[in-house]
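For reference, the chains in residue letters:
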Amino acid sequence: MADPKIIVALDFADAKAALELAQKLDPAQCRVKVGKELFTAAGPALVEALASRGFGVFLDLKFHDIPNTVAAACRAAARLGVWMLNVHASGGRAMLTAARDAIAAGPDAPRLIAVTLLTSMAQSDLDDLGIAGTPDDVVLRLAALTHACGLDGVVCSAREAAAVRAQSGDEFALVTPGIRPADAAADDQQRVATPAGAIRSGATYLVIGRPITRAPDPLAALAGINAEVAAALRTG
Ligand code: C5P
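If you're wondering where the values come from, they're calculated on a predicted model, not measured in any experiment. (Residues numbered from 1 in each chain as written. Predicted model: local features only at pLDDT ≥ 70, side-chain atom pairs only at ≥ 80, totals over all residues. Heavy atoms only, no water.)

Caption draft 1: Structural view of the nonpolar core. I6, L10, L50, C74, V87 and L206 are the most contacted members of the largest nonpolar core, which has 67 residues in total. Setting aside chain neighbours within four positions, we find L10 in contact with A18, L21, V32, K33, L38 and L50. In this structure, W83, V155, A173 and V175 belong to the second largest nonpolar core, which totals 12 residues. (Core = buried A, V, L, I, M, F, W, Y, C linked by side-chain atoms within 4.5 Å. Buried < 20%, exposed > 50% of the residue type's maximum accessible area, 1.4 Å probe, protein only. Contact = heavy atoms within 4.5 Å.)

Right, dumping it as structure tokens:
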């Protein structure tokens, strides 16, 4: 597969568990996501181990700090050989631009995306923070800023994907969590989309954790999801 659409969330507490699961997957069929828990526990060595097994690694550390610090962190992540990394769009224009400038252009350079509004944030949180507009308004505003700063895409829910796609065009990568195959448990996700539904809404990459990592046969679960995604991409 030239550009696997599924990013498997390796939400594990240590390197051993993450590598055991990675062992059951095929780097030609998926990418993997390393987030704050696993990275804090297992560090750069795990990222390098996954990359050396051929996996594209999405380093999901959501950097958010002063521009100089974020730029340095992005450079350090790029040196690890990650495929994708992210920052918080709410860090603002100078921070986003510094992050963009820190990552060299080129085919092997990591994709740089931004988190718009965490999906855990509700209207009452925006009101507490004095942020104007509805959650949907904020997502679109921060996605537009991210696009204007030259980043490669955003993380957003499938619910928001169509509006962001319409605003930011076909080249902008939309990375969408909260995905559940029709026959899978929702777990703690509130608003879920099926893999095909997310693709039809304009998602570029789907972040999927437990439906794959907790499946009796993770590779078979991944294959089923890839087949659904391929069919949705064919039929549009
Ligand atoms: O197991 P599950 O498929 O729910 O995992 C989804 C992954 O996507 C987790 O790593 C979770 O932290 C992440 N995520 C999410 N919702 C967001 C942003 C990230 O579920 N809004």
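We are not done yet, so read on.
Caption draft 2: Structural context of the pairing of strand β2 (residues 31–34). The side-chain alternation of β2 yields two buried faces, one formed by R31 and K33 and the other by V32 and V34. Where strand β1 (residues 6–9) meets β2, 3 bridges bridge the pair, whose relative direction is parallel. Across the sheet, the residue bridging to A9 is K33, located in β2. Viewed along the sheet, the connection from β1 through helix α1 (residues 15–24) into β2 turns out right-handed. One crossover worth recording links β2 to the parallel strand β3 (residues 57–63) by way of helix α2 (residues 36–52), and it is right-handed. (Helix = DSSP H or I, 4+ residues; strand = E, 2+ residues; numbered from the N terminus. Pairing = 2+ DSSP bridges. Right-handed = clockwise from strand over helix to strand, strands pointing away.)

Caption draft 3: Structural detail: helix α3 (residues 67–79). When the terminal C-alpha atoms of α3 are compared, their 18 Å separation across 13 residues agrees well with the 18 Å that a helix rising 1.5 Å per residue should span. Among the structural elements, β3, β4 (84–88), α4 (93–102) and β5 (111–115) are those in contact with the buried residues of α3. G81, located one to two residues past α3, shows a positive phi value of around 85°. (Expected span 1.5 Å × (residues − 1).)

Caption draft 4: Quick look at α2. Compared with an ideal rise of 1.5 Å per residue, which puts 17 residues at 24 Å, α2 spans 20 Å between its outermost C-alpha atoms and falls more than 12% short. At A42, α2 shows its maximal kink, close to 105°; a proline, P44, follows between one and four residues later. Turning to α2, its buried residues are L38, G43, L46, V47 and L50. Elements in contact with the buried residues of α2: α1, β2 and β3. (Bend = angle between axes of the 7 residues up to and from the residue.)

Caption draft 5: The arrangement of the site of the ligand in detail. Every residue near the ligand is listed here: A9, D11, K33, T119, P177, R180, Q189, V207, I208, G209, R210 and P211. In the environment of the ligand, an oxygen atom lies 2.8 Å from a nitrogen or oxygen atom belonging to the side chain of R180. The separation between an oxygen atom of the ligand and a polar main-chain atom of R210 is 2.7 Å. For the ligand, the protein covers 80% of the area, taking 460 Å² as the surface of the free molecule. (Near = heavy atom within 4 Å. Polar contact = N/O pair within 3.5 Å; in protein donor to acceptor, adjacent residues only side chain to side chain. Areas by Shrake-Rupley, 256 points an atom, 1.4 Å probe, with all protein chains shown as cover.)

Caption draft 6: Focus on the packing of helix α6 (residues 135–148) against helix α7 (residues 158–168). Packing of α6 against α7 leaves a shortest axis separation of 10 Å and a crossing angle of 40°. The angle between α6 and α7 falls in the class oblique. Both α6 and α7 take part in a crossing whose hand is right-handed. Of the residues in α7, those in contact with D136, V139, L140, A143, A144 and H147 of α6 are R159, E160, A163, V164, Q167 and S168. In terms of residue class, the contact of α6 with α7 is built from 6 nonpolar, 3 polar and 3 charged. (Axes fitted to C-alpha atoms, helices over the stretch in contact; angles between N-to-C directions. Parallel < 35°, antiparallel > 145°, perpendicular 65-115°, else oblique. Left-handed = near helix turned anticlockwise from the far one by under 90°. Nonpolar A, V, L, I, M, F, W, Y, C, P; charged D, E, K, R; others polar.)

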